[in-house]
Amino acid sequence: MTHIGLVTLVVRDYDEAIAFYTDALGFELLEDTRVDERKRWVVVAPPGARGTAVLLARAVGPAQEARVGDQTGGRVGMFLATDDFARDYDRMRAAGVLFEEAPRREPYGTVAVFRDLYGNRWDLLQPRPA
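For every chain, the first residue of the written sequence is number 1, and numbering continues from 1 along that sequence. Only residues with pLDDT of at least 70 are given local features in this predicted model, and only at 80 or more are side-chain atom pairs given and counted; all residues enter the totals for whole chains, interfaces and linings. Note that the side-chain values use all heavy atoms of the structure and ignore hydrogens as well as water.

**Q** Would you explain the side chain of aspartate 88 in this entry?
**A** We count a stretch as a helix when DSSP gives it H or I for four or more residues in a row; a strand needs E for two or more, and each element gets its number in order from the N terminus. Secondary-structure assignment places aspartate 88 in helix α3 (residues 85–94). According to the relative accessible area criterion, aspartate 88 is buried, its value standing at 13%. Under this definition, polar contacts are N or O atom pairs within 3.5 Å; protein pairs additionally need one hydrogen-donor-capable and one acceptor-capable atom, and for neighbouring residues in sequence, both atoms have to be side-chain atoms. Among the polar contacts listed, one links the side chain of aspartate 88 to the side chain of arginine 87, at a separation of 3.0 Å. Residue contacts follow a heavy-atom distance rule, with two residues in contact if any of their heavy atoms lie within 4.5 Å. Those residues within four positions of aspartate 88 in sequence are excluded, and the remaining contacts are Thr82 and Leu124. Accessibility here uses a 1.4 Å probe with only protein chains present; expressed as a share of the type maximum, an area under 20% marks a residue as buried, one over 50% as exposed, and anything in between as partly exposed.

**Q** Can you walk me through the pattern of salt bridges in this structure?
**A** One side-chain nitrogen of Lys or Arg within 4 Å of one carboxyl oxygen of Asp or Glu is enough to make a salt bridge. This model, assessed by the stated rule, comprises nine salt bridges. When the shortest N-O distance is used, the salt bridge between glutamate 106 and arginine 104 registers 2.7 Å. With relative accessibility at 28%, the residue arginine 104 sits in the partly exposed group. Here the salt bridges do not stand alone but share partners, grouping Asp15, Asp32 and Arg40 into one network.

By themselves, these are just geometric observations and shouldn't be taken as functional.
The structure is reproduced here in structure tokens:
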């Protein structure tokens, strides 16, 4: 069996990214290992995540720095699934997360777009029951 283990997000700074993902989004810091003087292996995931986590990779050089906050060309690139949209929407807003829109109901579930601290667009999504 195979699965997607990690998805990389290029960030400006490890510590500010860890703070946002753990404090504002409520993720858990799964690993923070120093690789060398400048590089760390930093992994975060929502509590109880099964299999897939986010690797926070600090940008190195102009090409990577230019991609911070725009890794998907302005499209929503990450989908944070929840089993209680109202709870997580309210908690995230109280923590300062900026939503681009009010929650809306779609055929696939309840959704609202938010941006992370760098401007990457995410969906907070509660899928419609099957």
